[in-house]
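Structural features, examined
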Amino acid sequence: MIVAEEPRDELPTNLPRLSLHVPEPKFRPGDAVDFTAVDIPPAGAARRPDTAALAADFPDLAYTLVRVLDDDHQAVGPWNPRLSPDVLRRILRNMVRLRAFDDRMFRAQRQGKTSFYMKALGEEAVAVAAAHALDYEDMCFPSYRQQGLLIVRDWPLVDMMNQIYSNTADRLQGKQLPIMYSAREAGFFSISGNLTTQYPQAVGWAMASAAKGDTRIAAVWCGEGSTAEGDFHNACTFAAVYRAPVVMNVVNNQWAISSFSGFAGAESTTFAARAVGYGIAGLRVDGNDALAVYAATQWAAERARTNQGPTLIEHFTYRAEGHSTSDDPSQYRSAGEPTAWPLGDPICRLKDHLVTIGEWDEERHAAQDKECAEEVRAAQKAAEANGILGHGLHQPLDSLFDGVFEEMPWHLREQRAQMMAEEAASGRPWARK
């Protein structure tokens, strides 16, 4: 046990006084916003090493910013993935679908139809572009703002909404907080509300895939604040030692629920620099540039598939909305931050690129917005037919004990029988019908 010493009556006069540094965000509510101090290198300036290069050969990429789309909306530099217009349009459409989904589910929460929701506003490229760069068979271990992975993998929107509403068609039987999806068939590991538990799970899965001689890799996401968790560092150690075939994503959106990234170490260095100390390949990427996210993910995936080991990617982006529907960002940050963020909006940037190269136009974009909104609205109508929050118990009460063990042990069977007997005696029998 560590015991603090009592304050000394007299301090030495010939020594400087110590002071404790407490990180403080630059802008608070009511402050004018000035992001000119944010270092944004020109698009195309970062070098692209060979995927077989040693991690020690390019530590500089953990401190710069990999960018592809320039100020003239052109794709430039060695990281340009040179995607076809059709692929670019699919990425754009899926980001638009994600935003439409978020908007409608956010309103559903405000209408009391569900208890909780989290939007990915401003961060759509992080999950959507990465999902396009991964193989469908690769296993994804998401945090709670990567619903774009499911959207890209064409998982039914109705099924996602059923989980949000915890209704009769909820595949998780109402046992998970809304937005904590689980879709094994789509390579989407169950989301956990406990920070960064998915990191060691992803590394362990990747190690098992390698040990079996499989061809599938893992990809995992967490927020920048979660890099302060022990699970993150344990995962980095195992990934480095065993050269696990895993892509480790850190979404630096500048804010946790109410504390800024400085509390996780952003004042001292980049989050991609975490990789350098572990001997892992590290990239810092413009997270609002869909082409840069795609290129970095594709590069890291190729390293993993060719047994070159893990890659840590920091996605430098901004959380434009509140942390969740339970959060009010106006209480801790300037209202001007979202619109002043210098890396712009990921959807607008990709749209402008497609328009510039003659593969898109404002009329088609407006039509696509409408189509996606209608698709989401139809899915919502279908999901709400299965029930919403406040419309009674949607799952049989005794299903509370299901899904814990493959075979229910005797003591749980006894507890379930006791619970059902008490419910029947109370006049509120919720047994299976």
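Now for a description of the structure that goes with this document. (Residues numbered from 1 in each chain as written. Predicted model: local features only at pLDDT ≥ 70, side-chain atom pairs only at ≥ 80, totals over all residues. Heavy atoms only, no water.)

**Some words on the packing of helix α1 (residues 85-110) against helix α4 (residues 157-165)**
- Relative to each other, α1 and α4 sit at 30 degrees, their axes nearing to 12 Å. Accordingly, the angle class assigned to the pair α1 and α4 is roughly parallel. Here α1 runs over α4; the crossing is right-handed. Where α1 approaches α4, its residues R97, F101, M105 and A108 are matched on the opposing element by L157, M160, M161, I164 and Y165.
- The residue inventory of the contact of α1 with α4, partitioned by class, reads 8 nonpolar, no polar and 1 charged. (Axes fitted to C-alpha atoms, helices over the stretch in contact; angles between N-to-C directions. Helix = DSSP H or I, 4+ residues; strand = E, 2+ residues; numbered from the N terminus. Parallel < 35°, antiparallel > 145°, perpendicular 65-115°, else oblique. Left-handed = near helix turned anticlockwise from the far one by under 90°. Contact = heavy atoms within 4.5 Å. Nonpolar A, V, L, I, M, F, W, Y, C, P; charged D, E, K, R; others polar.)

**Here we look at the environment of L172**
- The residue L172 is located in the loop between α4 and α5 (198-211) in this model.
- Looking at L172, the relative accessible area reads 18%, which means it is buried.
- Once residues within four sequence positions are removed from consideration, L172 is found in contact with Q163, M180, Y181 and S182. (Buried < 20%, exposed > 50% of the residue type's maximum accessible area, 1.4 Å probe, protein only.)

**What about the packing of α5 against helix α6 (residues 230-242)?**
- Running from N to C, α5 and α6 cross one another at 20 degrees; their axes reach a closest spacing of 8 Å. As far as their axial angle goes, α6 and α5 are roughly parallel. In the packing of α5 onto α6, the handedness of the crossing is left-handed. Residues Y199, P200, V203 and M207 of α5 form the contact with α6, whose participating residues are D231, F232, A235, F238, A239 and Y242.
- Split into classes, the residues belonging to the contact of α5 with α6 amount to 9 nonpolar, no polar and 1 charged.

**Notes on the packing of aromatic side chains**
- One pass over the structure, following the stated rule, counts 15 aromatic pairs.
- Between F260 and F263, the ring centres sit 5.7 Å apart and the planes meet at 80 degrees, which makes this aromatic pair edge-to-face.
- For F260, a relative accessible area of 12% gives the class buried.
- Through successive ring pairs, a cluster of aromatic residues spans F27, F35, F316, Y318 and W341.
- Its guanidinium or amino end placed over the ring of F106, K119 lies 4.7 Å from that ring's centre, counting from NZ or CZ.
- We note R284 situated over the ring of F316; from NZ or CZ to the ring centre the distance is 4.4 Å. (Phe/Tyr/Trp six-rings, centres within 6.5 Å; stacked < 30°, edge-to-face > 60°. Lys NZ or Arg CZ within 6 Å of the ring centre and 35° of its normal.)

**With respect to helix α11 (residues 362-384)**
- Between its first and last C-alpha, α11 extends 33 Å over 23 residues, near the 33 Å set by a 1.5 Å rise per residue.
- Those residues of α11 not exposed but buried are H365, Q368, C372, V376, A379, Q380 and A383.
- Buried-residue contacts for α11 involve α1, α4 and α10 (346-356).
- Capping of α11 at its N-terminal end is provided by D361; its side-chain oxygen lies 3.2 Å from the backbone amide nitrogen of E363. (Expected span 1.5 Å × (residues − 1). Polar contact = N/O pair within 3.5 Å; in protein donor to acceptor, adjacent residues only side chain to side chain.)

**So, the pairing of strand β2 (residues 218-223)**
- Most of β2 sits inside the fold, with 5 of its 6 residues counted as buried.
- With 6 bridges connecting them, β2 and strand β3 (residues 246-252) associate as parallel partners. By the bridge assignment, A219 is partnered in β3 with V247.
- A crossover connection joins β2 to the parallel β3 through α6; in handedness this β-α-β unit is right-handed. (Pairing = 2+ DSSP bridges. Right-handed = clockwise from strand over helix to strand, strands pointing away.)

**Quick look at the nonpolar core**
- W79, I91, F101, I179, Y181 and W221 are the most contacted members of the largest nonpolar core, which totals 82 residues.
- Filtering out sequence-adjacent residues up to four positions away, F101 remains in contact with Y117, I151, L157, M160, M161, I164, Y181 and V376.
- Counting residues in each nonpolar core, the second largest holds 22 residues, with F141, F232, A239 and A244 among its members. (Core = buried A, V, L, I, M, F, W, Y, C linked by side-chain atoms within 4.5 Å.)

**Quick notes on the side chain of Q395**
- Secondary-structure assignment places Q395 in the loop between α11 and α12 (410-426).
- A relative accessible area of 14% places Q395 in the buried class.
- Polar contacts involving the side chain of Q395 include one to the main-chain carbonyl oxygen of N167, which spans 2.8 Å.
- In this structure, Q395 is in contact with N167, T168, D170, Q173 and G174, ignoring residues within four places of it in sequence.

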